[in-house]
Every structure is written in structure tokens, then in C-alpha cells.
Amino acid sequence: SDASQDGTYIELKASAAAAFPIMLDFMYSPIGTPVEATTESAVALRHLASCFGIREMFNSVTDFIKSDLRPETAPTYLSEAETYKHDKLITASLKICAGSFMEIKLSEIVLLPPDLFELVVRSPHLVCDSESLSVRVAAYSRCRPDVIDLETISSLTNAEIMPRIAPDEALFYIHLLSLLGVDLPDSSNGGAAPTLYDRCVAASPNVVRGALQVKHSPLCTHTSSFHDRHRQTMNKDYDDLPSGVKVDLLESTIADSVHSAENRPIWREEQPDHEESSIEQSPSSEELRDELSTAKEAMMDLQGEIKRLRRKMEKTVEKYESKLNAREDEVQRCKEELSRFVRVPNEHSVV
């Protein structure tokens, strides 16, 4: 506010300006009439009540906020409380947002600016498992690409709060890192906590297997089921990755397949009195052979894909080496050409 001879001027934020008529209605209402507050206007009304010293309205709005503050409304209150720097309301609404993080609609969460969304995600009151958190952060990033930068995404996906990535979001995060300027695949931090890229690679085997299945067993063009469209999207996301990243993903997938095979329980022949139950519970030799054959074929496909990518990378390196050698030869020819020129004194004679 600014006082002068002509009166007092108060600069109002947008929500306070929108709430101003509600304040006037309250001022001219009979005593004891509750203020017509809403979730969207309540914080602004309380701010106006403080500015103009309207204690009755301040108390009425405070009662409304106490009864209205719940998971569905907490994001709005958090954003408005931050606008007007109401610290107690910030603390209360932040705690509710974090404690009910998975219950709040995504359409409400994405309205939070990145600094407040980060406060919620990193709150000690957050109730959300790692993979579910990775799904929500990915959804927020898709909806708010204009506000996501490398510093923000690094904080939101810190290994302390998100040690595991949901497999279906692994390729999205890898693409996002590339868009934000991270050099892939050379982004390992040499033994410290796994980077986001490392965790995405670790989460990717099932996604890579699904993408390769689509590649080698194309879906019918007329299919429209969500599952099939999702598999096609994963295949495209995989195809669009740099060759070096594909090598990392394929090696991780092979290692995962080998680990799964090594840890598969070995079925032992039971004693005669348990023979019947053993037959019911144990897979037949033919089923085991079929499963092993399928696993071997999958590993061969993965190994073939790695070889193909390595050959592609080697050809690319050879092409650039050839161009570099040609440039070096051209530079050498230019040097030799210049060496034939002799600098003569710049002498002028006047006749």
C-alpha cells in the first residue's frame, strides 16, 4: 500500500482483485452473515481482511478454510498460501498434499508450480512408493514441459526419494535427459549413488523385451486395444534412442535374463508318497524345455541386436574418421602450397 494526500493505494494480486467484490458484499451484509468464500477465493479474502482490518471477515474465512482444507483442495490452498506468504497455511496444506499424494487428482497436482511440486515430493511427510512416485513425476513433466529443467528433474528424481523407476517410464526419462542436454550414455557418476540414467537402464529389461517382440512379431494394423497401442509406443520410444543407449539397455536385458534363469527354482523328484502332488505342482520336462528354448531365442535376439548396433556404430566411426583424414590431407596440401610462396620486401621506388 502507498499513502498520499489523495488517499491510499493498494496493489492487489489477481486472486485478491477477483475476491474484492465478495469483501464488499460482506461489509454491507447484516452482522453475523458468513462470508461467501470458496476454495479459490478464501486465502485472498483473508489477505484482504488483514489489509483492511476486517476482523469479522478474517475469522469467518479462517473457519471456512479449516473446514474446507482436505486432500482435494490442498494443492489450491498451498499455491494461494505461497502467493500471500501465509506460512502456517503453507505448512498445513503441504503436509496434506504429501500425506495424500496418490489420492489427489493429477489435474490438481499439475497446477502446482515446480518449486511447490518439489516441496511436496521432497517432504518428509510424503506417502508414496518409489515406482508410483516416478510415474507421477513423469506425468507432471509431460504436462508441464515448459517448467522442467535439468536441475528440477534431478531434484525430483533424486535416488534418496526415488531409488527405483517404474519400467513403463524408463524410456521416457531417458528421452527427457537427452532433451535436457545430458550426454548419453556417458552419464555414469563412477560409483556414487546410481544416476537417473543408471536406474532407468536397470528398470528397462521388460520394456526392451516388449519392444523387441513388437519388432520381430508385428501387430495387426487394425488392432486398437490399449495394450497393443502401448506396446507400439514402447517400440517407437526404443527405436528413437541413440545406438549407445540401446547397447546399454540390451546388455541390461541380457543380464536380467541370465539372472532370472540362474535363480529359477530347480524341481526335484519327490518321494513316492508325494508323487501325485509333485506332478501337479512341477512343470513337465517338455514345458521346461520349451521355456528354456524361448529364453535362449530371446537372448539370441538381444545379442543379435547388440551386434547390429555395434556394427552400425563402427560404420559411423569409420565414416567420420575417413572425413577427418580427408580434412587432414587437405590441410597438408594447403600448407605445402603456401610453402611455395616467398614473402618479398615491400619496397617502393619513386621515379
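This text follows the structure it describes.
Residues numbered from 1 in each chain as written. Predicted model: local features only at pLDDT ≥ 70, side-chain atom pairs only at ≥ 80, totals over all residues. Heavy atoms only, no water.

1. Some points on the pattern of salt bridges
Taken as a whole, this structure holds 6 salt bridges when the rule is applied. Across the pair Glu169 and Arg142 runs a salt bridge, and its minimum N-O distance is 2.6 Å. Residue Glu169 is located in helix H10 (residues 167–179), and its partner Arg142 is located in helix H8 (residues 130–143); the two are separated by 27 residues in the primary sequence. When the shortest N-O distance is used, the salt bridge between Asp256 and Arg209 registers 2.8 Å. Here Arg209 lies in helix H12 (residues 205–216) and Asp256 lies in helix H14 (residues 243–262), a separation of 47 residues in the sequence. (Salt bridge = Lys/Arg side-chain N within 4 Å of Asp/Glu carboxyl O. Helix = DSSP H or I, 4+ residues; strand = E, 2+ residues; numbered from the N terminus.)

2. A look at the packing of aromatic side chains
Taken as a whole, this structure holds 4 aromatic pairs when the rule is applied. A ring pair is formed by Phe101 and Phe117, whose centres lie 6.3 Å apart and whose planes are at 45 degrees; its orientation type is tilted. Pair noted here: Phe101 is in the loop between helix H5 (87–99) and helix H6 (106–109) and Phe117 is in helix H7 (residues 114–121), with a separation of 16 residues, a long-range link. With a relative accessible area of 0%, Phe101 lands in the buried category. According to the relative accessible area criterion, Phe117 is buried, its value standing at 0%. A ring pair is formed by Phe172 and Tyr173, whose centres lie 5.6 Å apart and whose planes are at 65 degrees; its orientation type is edge-to-face. By relative accessible area, which is 0% here, Tyr173 ends up buried. An aromatic cluster of three or more residues is present, and its members are Phe101, Phe117 and Tyr140. Residue placement shows Arg136 over the ring face of Phe101; its charged tip is 5.6 Å from the ring centre. Directly above the aromatic system of Tyr320 lies the positively charged group of Lys319, at a separation of 5.4 Å from the ring centroid. (Phe/Tyr/Trp six-rings, centres within 6.5 Å; stacked < 30°, edge-to-face > 60°. Buried < 20%, exposed > 50% of the residue type's maximum accessible area, 1.4 Å probe, protein only. Lys NZ or Arg CZ within 6 Å of the ring centre and 35° of its normal.)

3. A few points about the environment of Asp68
Within the secondary structure layout, Asp68 lies in helix H3 (residues 55–68). On the accessibility criterion, Asp68 (9% relative accessible area) is buried. For the pair Asp68 and Ala42, spaced 26 residues apart in sequence, the C-alpha to C-alpha distance is 9.6 Å. For Asp68, the residues in contact, after removing those within four places along its chain, are Thr39, Thr73 and Tyr77. One polar contact links Asp68 to Tyr77, side chain to side chain, over a distance of 2.7 Å. (Contact = heavy atoms within 4.5 Å. Polar contact = N/O pair within 3.5 Å; in protein donor to acceptor, adjacent residues only side chain to side chain.)

4. As for the packing of helix H4 (residues 74–83) against H5
A pair of packed helices is captured by two measures, namely the crossing angle of their axes and the spacing between those axes. Contact geometry for H4 and H5: axes closest at 8 Å, N-to-C directions at 150 degrees. By the criterion of interaxial angle, the relationship of H4 to H5 is roughly antiparallel. Of the two elements, H4 crosses H5, and the hand of that crossing is left-handed. Contacts between H4 and H5 pair Ala74, Pro75, Tyr77, Leu78, Ala81 and Glu82 from the former with Leu89, Ile90, Ser93, Leu94, Ile96 and Cys97 from the latter. (Axes fitted to C-alpha atoms, helices over the stretch in contact; angles between N-to-C directions. Parallel < 35°, antiparallel > 145°, perpendicular 65-115°, else oblique. Left-handed = near helix turned anticlockwise from the far one by under 90°.)

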